[in-house]
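# Commentary on secondary and tertiary structure
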Amino acid sequence: MLDFIDRSPSCYQAVENAERELEAAGFVRLMEEEKWELLHGGKYYVSRNGSSLIAFAIPEGELKGFHMIASHSDSPCFKIKENPEMAVEGHYVKLNVEKYGGMILSTWLDRPLSVAGRVVVPGGERRTLAAGEGAGLEDGGIGMEKAGLVVKNVAIEKDLLIIPNVAIHMNREMNKGVEYNVQTDMLPLYGMEDGGKPLRELVAREAGIEAEEILGSDLFLYNREKGRIFGAEGEFICAPRLDDLECLYASLQAMLHGKPKHYANFMIAFDNEEVGSTTRQGAASTFLRDTLKRICEAFAMTEGDYTRLLAASFLISADNAHGVHPNHPEKADPTNRPYLNGGIVIKYHGSQKYTTDGVSAAIMKSICQRAGVPWQTYANRSDIAGGSTLGNLSAAQVPVNSVDIGLPQLAMHSAYETAGAKDVEYMIRAMECFYQE
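About the thresholds
Residues numbered from 1 in each chain as written. Predicted model: local features only at pLDDT ≥ 70, side-chain atom pairs only at ≥ 80, totals over all residues. Heavy atoms only, no water. Patch = residues over 30% accessible without salt bridge, like charges linked within 9 Å, V, L, I, M, F, W, Y side chains within 5 Å. Areas by Shrake-Rupley, 256 points an atom, 1.4 Å probe, with all protein chains shown as cover. Salt bridge = Lys/Arg side-chain N within 4 Å of Asp/Glu carboxyl O. Helix = DSSP H or I, 4+ residues; strand = E, 2+ residues; numbered from the N terminus. Buried < 20%, exposed > 50% of the residue type's maximum accessible area, 1.4 Å probe, protein only. 1 Å grid on protein atoms, 1.4 Å probe; cavity = no way out; pocket = protein on both sides within 12 Å on 5 of 7 lines; lining within 4 Å. Points joined across faces, edges and corners; volume = space filled by probe spheres on them. Nonpolar A, V, L, I, M, F, W, Y, C, P; charged D, E, K, R; others polar. Core = buried A, V, L, I, M, F, W, Y, C linked by side-chain atoms within 4.5 Å. Pairing = 2+ DSSP bridges. Axes fitted to C-alpha atoms, helices over the stretch in contact; angles between N-to-C directions. Contact = heavy atoms within 4.5 Å. Parallel < 35°, antiparallel > 145°, perpendicular 65-115°, else oblique. Left-handed = near helix turned anticlockwise from the far one by under 90°.

A cluster of nonpolar residues, Tyr92, Ile162, Leu189 and Met192, forms a patch on the protein surface that exposes about 340 Å² of accessible area. Mapping leucine 189 onto the fold places it in strand S9 (residues 189-192). The class of leucine 189 is partly exposed, set by a relative accessible area of 32%.

As structure tokens, then:
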């Protein structure tokens, strides 16, 4: 899992790496702009925007409903603005960036950083670019092929940038708390003004193209520190982007090994969860609904059949949960206190920011019992507001019975997060059980 995360510095690489594993397991790629010919017993996947993915497996016999697991491919980070280079006093060059999602800003300081994302270039004579030999004309959206454009995923595997802190000597109040301003405090140092290549040239070289060919880009900063196992007995893991690549990885592994019996299995990775999901590839979009309806259409089902299948379906919304913090246990709810390595966390919220109710919680606990894995419960302290996730947003488009779960972690939305070394295996086993029962 840590290797998967290391190879997935942005949402585009996360989806690309998942696609590779699916194709190696015999899943067939579908294009949204083409007609789908599906077979009972078939395994398929479709992506949207190159950053969201739905993989599904159809049972051999009668289709009774959908077993779905949703996670998200994006993580809080900095997005690089257009024309990013900024000269400083004739000596330094820094990059102009903006926040993507609600990150802990201080954790990005004094770390080795680099750049990852995608570029869009002219296609020429059906030009092939090796983004896993996969990121192609359809990934950029409607009109890419007609416009003669190609998408290329890029990741500069070099310690390229750093956001330096201000020395304690220049701010004696530093350890009393600092409010960081993104436009002034969080811009990464790139190089010296009298040397070095513009960022555009480095990105182009990584993509195997010329800088002037880049017509569009979506580029982000990423933390270069690799994931590690640590602790007195190797009990813990730390890595960038555990929220939510840990759940994405678990659902992918379960999908690769689970065989459907009577329900079609779905592994879903939405983009843009960290910024509200209201995009064409987010959980609030029609991506899942469109896919489900097209499956029904391929098997000559009616609208009534689709509604009947939804009524018999179940969604696991998998997005990590807050574990009890060793230095601040008072931040946790008095009676719902998940710990690292304690198993899957079932998440509750009275105002339905999490979709869990008595029925869906019982179903999830039953799945955990059958899989032989532990579970825990989470709720916010009543005087501390929490975040939302995928389940309630996707339910507006695809209303099915749903439960919100996650794995316990510390320092959520840090540039480097901490979790339990045992928990990802618990989640994979539970998800495999869900897919097979």
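Structure shown, so let's carry the discussion forward.
Turning to unusual backbone geometry, a few remarks are in order. Here the residue pair aspartate 243 and aspartate 244 is connected by a cis peptide bond, since its omega of 15 degrees sits within 30 degrees of zero. Turning to its location among the elements, aspartate 244 is positioned in helix H6 (residues 242-257). The backbone of glutamine 352 shows a phi angle near 70 degrees, a positive value even though the residue is not glycine. As for its position among the elements, glutamine 352 is in the loop between strand S16 (344-347) and helix H9 (358-371). Owing to a relative accessible area of 38%, glutamine 352 belongs among the partly exposed residues under this scheme.

Estimates place the volume of the largest pocket at around 650 Å³. Residue lining of the largest pocket: 33 residues in total, with Ala321, His322, Tyr378, Asn380 and Met412 positioned closest to the centre. The set of elements that each furnish at least two residues to the lining of the largest pocket consists of strand S15 (321-322) and strand S19 (408-410). For the lining of the largest pocket, a count of residues per class yields 12 nonpolar, 13 polar and eight charged.

Our next topic: the nonpolar core. Counting 52 residues, the largest nonpolar core has Met267, Met364 and Ile405 as its most contacted members. Ranked by residue count, the leading element in this core is H6, at 10 residues. Counting residues in hydrophobic clusters, the runner-up holds 39 residues, among them Cys11, Phe78, Tyr190 and Ile209.

The alternating pattern of strand S20 (residues 417-420) places Glu417 and Ala419 on one face and Thr418 and Gly420 on the opposite face, and all of these are buried. Here S19 runs beside S20; their pairing, made up of two bridges, is antiparallel. By the bridge assignment for S20, glutamine 409 is matched with alanine 419. Connecting the antiparallel pair S19 and S20 is a turn made up of six residues, with alanine 411 showing a positive phi of about 60 degrees.

Here we take up the sheet that holds S16. If you trace the nine strands from one edge of the open sheet to the other, you get S1-S2-S3-S13-S4-S14-S18-S16-S17, paired in mixed fashion. Lying at the two open borders of the sheet, with one neighbouring strand each, are strand S1 (28-30) and strand S17 (375-378). For this sheet, the mean inter-axis angle between neighbouring strands, taken without regard to orientation, is 25 degrees. Taken together, the four bridges between strand S4 (residues 65-72) and strand S14 (residues 314-318) define a ladder with parallel strand orientation. Bridging from a neighbouring strand, isoleucine 69 pairs with isoleucine 316 of S14. Each of S1, strand S2 (43-48) and strand S3 (52-57) touches helix H2 (residues 11-24); the most contacted strand, S3, lies at about 20 degrees to it.

A few words on the environment of aspartate 271. Position of aspartate 271 relative to the elements: it lies in the loop between strand S13 (263-270) and helix H7 (287-298). Between the C-alpha atoms of aspartate 271 and arginine 48, which are 223 residues apart in sequence, the distance is 9.3 Å. Those residues in contact with aspartate 271 that sit more than four places away from it in its chain are Cys11, Asn49, Ser51, Ser52, Ser73, Asp74, Tyr100, Gln281, Gly282 and Ala283.

Okay, the packing of H6 against helix H11 (residues 423-436) next. Following both chains from N to C, one finds H6 and H11 inclined at 45 degrees, their axes separated by 8 Å at the closest point. Considered as vectors, H6 and H11 are oriented oblique to each other. Classified by chirality, the crossing of H11 by H6 is right-handed. Residue-level inspection shows Glu246, Cys247, Tyr249, Ala250, Ser251, Gln253, Ala254, Met255 and His257 of H6 in contact with H11, the latter providing Val424, Met427, Ile428, Met431, Glu432, Tyr435 and Gln436. Taken together, the residues of the contact of H6 with H11 break down into 10 nonpolar, four polar and two charged.

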